[in-house]
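Examination of the molecular architecture
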Amino acid sequence: MIDEQAIIKNIINGDVESFRLLVERYQKSVMRMAGNIIRDRHICEDIAQDVFFTAYKKLKTFNNEQGSFSTWLFTIARNKSLNAIKKKKIPLAGELSEIVAERNSPDILQQQEFLNELDRQLHSLPRNQNTVFVLAEFEKLPYEQIAQIEGVRIGTVRTRLHRAKRKLAKALRLDWEI
Amino acid sequence: MDKKKLYELWIEKKHQVEINKSFPDKVMGRVYEYERRPRWFDIPRLIEIISVHTIIKNGLVVIGALVGFIRVIYVITMVLSKGVLNG
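Note that the coordinates shown come from a computational prediction; the quantities given were computed from them, not determined experimentally. (Residues numbered from 1 in each chain as written. Chains lettered and ligands numbered in written order. Predicted model: local features only at pLDDT ≥ 70, side-chain atom pairs only at ≥ 80, totals over all residues. Heavy atoms only, no water.)

1. What to know about helix α5 (residues 108-124) of chain A
Here α5 of chain A contains 17 residues, and its C-alpha end-to-end distance of 24 Å stays within 8% of the 24 Å for a straight helix at 1.5 Å per residue. Every buried residue of α5 of chain A is listed here: I108, Q111, Q112, F114, L115, N116, L118, D119, Q121, L122 and H123 of chain A. The secondary structure elements touched by the buried residues of α5 of chain A are α2 (19-37), α6 (127-138) and α8 (154-171) of chain A together with α1 (3-15) of chain B. (Helix = DSSP H or I, 4+ residues; strand = E, 2+ residues; numbered from the N terminus. Expected span 1.5 Å × (residues − 1). Buried < 20%, exposed > 50% of the residue type's maximum accessible area, 1.4 Å probe, protein only. Contact = heavy atoms within 4.5 Å.)

2. What about the packing of aromatic side chains?
What the rule picks out here adds up to 12 aromatic pairs over all chains. For the ring pair F62 of chain A and W72 of chain A, a centre distance of 5.3 Å and an interplane angle of 45° mean the geometry is tilted. In this pair, F62 of chain A sits in the loop between α3 (41-57) and α4 (69-86) while W72 of chain A sits in helix α4, placing the two residues 10 residues apart along the sequence. Among the aromatic residues, ring-to-ring pairing joins F19, F53 and Y56 of chain A together with Y34 of chain B into one connected group. (Phe/Tyr/Trp six-rings, centres within 6.5 Å; stacked < 30°, edge-to-face > 60°.)

3. Describing the interface of chain A and chain B
Of the residues lining the interface, 42 residues belong to chain A; the matching set on chain B comes to 29 residues. Buried surface at the junction of chain A and chain B, summed over both partners, amounts to about 3700 Å²; 68% is from carbon and sulfur atoms. Across the chain A-chain B interface, the total number found is four salt bridges. Taking the shortest distance from any N to any O, the salt bridge between D50 of chain A and R30 of chain B comes out at 2.9 Å. The interface formed by chain A and chain B holds 12 residue pairs in polar contact (both at pLDDT 80 or more) in total. When residues of the side of chain A that touches chain B are traced back to their parent elements, those giving at least two are α2, α3, α5 and α6 of chain A. (Buried area = accessible area lost by both parts, 1.4 Å probe. Salt bridge = Lys/Arg side-chain N within 4 Å of Asp/Glu carboxyl O. Polar contact = N/O pair within 3.5 Å; in protein donor to acceptor, adjacent residues only side chain to side chain.)

4. Observations concerning the confidence of the model for chain B
Overall, the predicted model of chain B reaches an average pLDDT of 85, with 90% of residues at or above 70. This prediction of the complex comes with two scores: 0.72 for pTM and 0.77 for ipTM. (pLDDT = per-residue confidence, 0-100.)

5. Regarding the environment of I178 of chain A
Mapping I178 of chain A onto the fold places it in the segment after α8. Separated by 16 residues in the primary sequence, I178 of chain A and H162 of chain A place their C-alpha atoms 9.0 Å from one another. In this structure I178 of chain A touches K165, L168 and A169 of chain A together with Y7 of chain B, once residues within four positions along its chain are discounted.

Listed below in structure tokens is the structure:
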């Protein structure tokens, strides 16, 4: 795998095509992150495109001493996703989960309802708790990186995640800790 | 299926992602289009240049302040000269 810093240097020196390597490397992470904050797939893809386009335009301002490229990119992705929600471009209503839709089980409706409720409760969390939950649970990022993306201390990340999990567990009346 | 297993399934599903194969091409299309734009007279690019370079930003603020100050002086002079003429 080509060194990321070398790729960035090449792009800044005019090798535009090298940017494709970064897009291919991070497209899944960015799409997943935007997709877990915003659920509309088309809007999510537009936002993911915007994230990479913005990253390309601002690449000269990226400083690897302040953090990794992925952290910088995820910060752009987080901000773009939240801005899109703020601009009311995004429908926040719950969507039917397809996870169990195909399974033929007698309690299928109950299971679907539970998954829909998980989606609804996730989106009803305060934004800062929602993004921390998404980054920690879905993206599996370390607390340190989440703290950099959110611009807060690691302790704050832990607190937000704990509160988010507690709220989800309470709302869904779970008898175990998430 | 119990709630715990459903929760784990939900997390697993959220971790999965489907990517359109043409996604990198779409991004690169925008990048090349951006690169083809003329460098100057391109307002978004100019704004970017201004926002990235502190010296340019500060210079513009100073010029703006100077223009404003000169305009205020000019207005005061006009008012005073009219007042003198009328009085």
